[in-house]
Amino acid sequence: MSRDLLLTLSSEPRARRLIQRLGLPIPLPQRLDREDTPYAEQPLRDRRVLALGTLRGELGRAIARALVEAGASPVVASDTDVFDAPGEAWGRRAESLDAHLSDPGSTSRFEALVFDASELAGPADLRALYDGFHALVGRLAPCAHVVVIGRPPEEASTPAVAAARQGLEGFVRSLAKELGRRGTTANLVLCETGAESRLDGVLRFALSERSAFVTAQPLVVRRLAKAPPASTWNRPLDGKVALVTGAARGIGAATAACLAREGAKVLLLDRPDDDAPLAQSARAVGGVPVLLDVTAPDATERLLAVAREHGGLDVVVHNAGITRDKTLAKMDAAQWDLAVEVNLGAVVRLTDALIEHKALKKHARIVLLSSVSGLAGNVGQTNYAAAKSGLVGYLRHLAPQVAERGVTVNAIAPGFIETRLTDAMPVAIREAARRLSALGQGGQPR
């Protein structure tokens, strides 16, 4: 894997000081804190989390409960009382923000910040974001995590309310770029009314090192799918069967390793031509290699047989993908057809078959790997972008159909991730792509 020279320099204190002293305009990225261990019961244990904003009603109580149960040490405005009950139950009473601000010699930093913006009533209420963040963003520690919580604009009662709610997205995307140079992430969580009880998992992820390269994103917590039975935070996938396609290397192999750490029995699927790296990845996680070309005429029947052999699937991650890059004028039909078939056609066909033949268990999880290039478009990738964008249309139509069984369907659109595919880029393009991230660097497959 090619080395990011600026990231290497940034980890050398003397080099960083020299560049700053010379006033060179070199954007040294912050090396990110990452988490590679299994999920813990209290991932925010003893971390000082600043909680601001409305913090009232069912949503405020859900935020307070999630933070305290995750082990956080909340710091709140003096008039906030939603933390009283969970704080007393868990022995984690909230500290007063006033006490921190009134001490001129205090150098305490916050590892995370949560802002409840759920009660915006119009454009003027956006001023609360300025008032809340202006004096406090400087107190965030490097590699901190910021989450702004709002309600979906679609639920708004008036156009003015919708405008204010939509404004949160632009605010968070811009804030993420301002804070990214210090390795800090900022994400927006839009929680539907009635979905407050589902907020805790999202907050645990977004406020911990697991979201180290997830920033400037709007995440929506919906009540659409039937709620699953209660689960534990430790090894939540014990007894589950997960299928990952394109699992021989890169993001697929890292995904398989993550699922295995959480207790899943992982089926790693890839092309027969990749049997050696696939076997190596499977051995590393104690998984089962499945040699299958997703474009083969009998791929559906063979996948269904594998699913039945293992008693059905609880998790399906469609990671397999290819690029066949050419400008449209120079692209031949075979290049178009193959990119669309692997990245979209096979995904639709295999997923439909798994659903139709009841090879997915209740409360199963389907995750599709889209791409930033697919959503934003890219020169020379009309075939790839059409397919990856098509995945989003597919999931939006599919999700309501399977929600009654508790099955969820989501897509992830990775940005620049350091893999063998990005290693093959020309040096100048690769370097520019790294710096386009709000965090000023590429992500890791894990």
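Above this text is the structure in question.
Now for a quick tour of the structure.

There is a patch of like negative charges on the surface, built from Asp-79, Asp-81, Asp-84 and Asp-98. One can find Asp-79 in the loop between strand E2 (73-76) and helix H4 (84-90).

Ranked by internal contacts, the top residues of the largest apolar core, which has 35 residues, are Leu-313, Leu-354, Leu-368 and Val-409. Contributions of two or more residues to this core are made by strand E8 (241-245), strand E9 (265-270), helix H11 (299-309), strand E11 (313-318), helix H12 (333-356), strand E12 (360-369) and helix H14 (382-402). It is H14 that contributes the most residues to this core, seven residues altogether. If we ignore the near neighbours within four places in the chain, the residues touching Leu-313 are Val-241, Leu-243, Leu-267, Ala-307, Leu-354, Ala-359, Leu-360, Lys-361 and Ala-364. Ranked by size, the runner-up nonpolar core spans 28 residues in total, among them Leu-59, Ala-66, Ala-112 and Val-189.

As a further point, take the pattern of salt bridges. Note on pairing: side chains with opposite charge can pair once their charged atoms come close. Going through the model one piece at a time under the given rule, you end up with 20 salt bridges. Each of the salt bridges in this network shares a partner with another, and the network as a whole consists of Glu-155, Glu-192, Arg-222 and Arg-223.

Following the sequence through the fold, Glu-35 ends up in the loop between helix H2 (13-22) and strand E1 (48-53). Sequence separation of Glu-35 and Ser-371 is 336 residues, and the distance between their C-alpha atoms is 23 Å. Excluding its chain neighbours within four sequence positions, the residues that come into contact with Glu-35 are Glu-209 and Arg-210.

Ordered in space as E3-E2-E1-E4-E5-E6-E7, the seven strands form an open sheet in which the pairing is parallel. With partners counted over all chains shown, the strands left at the sheet margins are strand E3 (95-96) and strand E7 (218-221), one partner each. Summarising the sheet, E2 and E3 pair through two bridges and their orientation is parallel. Residue pairing across strands places Val-75 opposite Glu-95, the latter belonging to E3. Helix H8 (residues 199-206) rests against strand E5 (140-150), strand E6 (185-191) and E7 of the sheet, and its axis sits at about 155° to E5.

What counts and what doesn't
- Position numbers for residues count from 1 along each chain, tracking the sequence in the order it is written.
- pLDDT decides what is reported in this predicted model: residues at 70 or higher carry local features, side-chain atom pairs at 80 or more are listed and counted, and totals for whole chains, interfaces and linings draw on all residues regardless.
- The side-chain numbers reported here are obtained from all heavy atoms of the structure, hydrogens and water having been left aside.
- Within this analysis, patches are made of residues with over 30% relative accessible area and no salt bridge. Like charges are joined at 9 Å or less; nonpolar side chains (Val, Leu, Ile, Met, Phe, Trp, Tyr) at 5 Å or less.
- Surface exposure here means Shrake-Rupley accessible area, sampled with a 1.4 Å probe, where a residue is shielded only by the protein chains that are shown.
- Each salt bridge in this description consists of a side-chain nitrogen of Lys or Arg and a carboxyl oxygen of Asp or Glu lying within 4 Å of one another.
- In this tally Asp and Glu are treated as negative and Lys and Arg as positive; neither His nor the chain ends contributes.
- Charge positions come from single atoms, namely NZ of Lys, CZ of Arg, CG of Asp or CD of Glu.
- Note on conventions: DSSP H or I runs of at least 4 residues are helices, E runs of at least 2 residues are strands, and numbering of each starts at the N terminus.
- Within this scheme, the nonpolar core is defined by two criteria: the residues are buried Ala, Val, Leu, Ile, Met, Phe, Trp, Tyr or Cys, and they are joined through side-chain atoms within 4.5 Å.
- Only protein chains enter the accessibility calculation, which uses a 1.4 Å probe. A residue is then buried if its area is under 20% of the maximum for its type, exposed if over 50%, and partly exposed in between.
- Only heavy atoms matter for contacts: two residues are in contact if any of them lie within 4.5 Å across the pair.
- Any two strands with at least two DSSP bridges between them are considered paired.
- Only the stretch in contact is used when a helix axis is fitted, and all axes are lines through C-alpha atoms; the angle between N-to-C directions ranges over 0 to 180 degrees.

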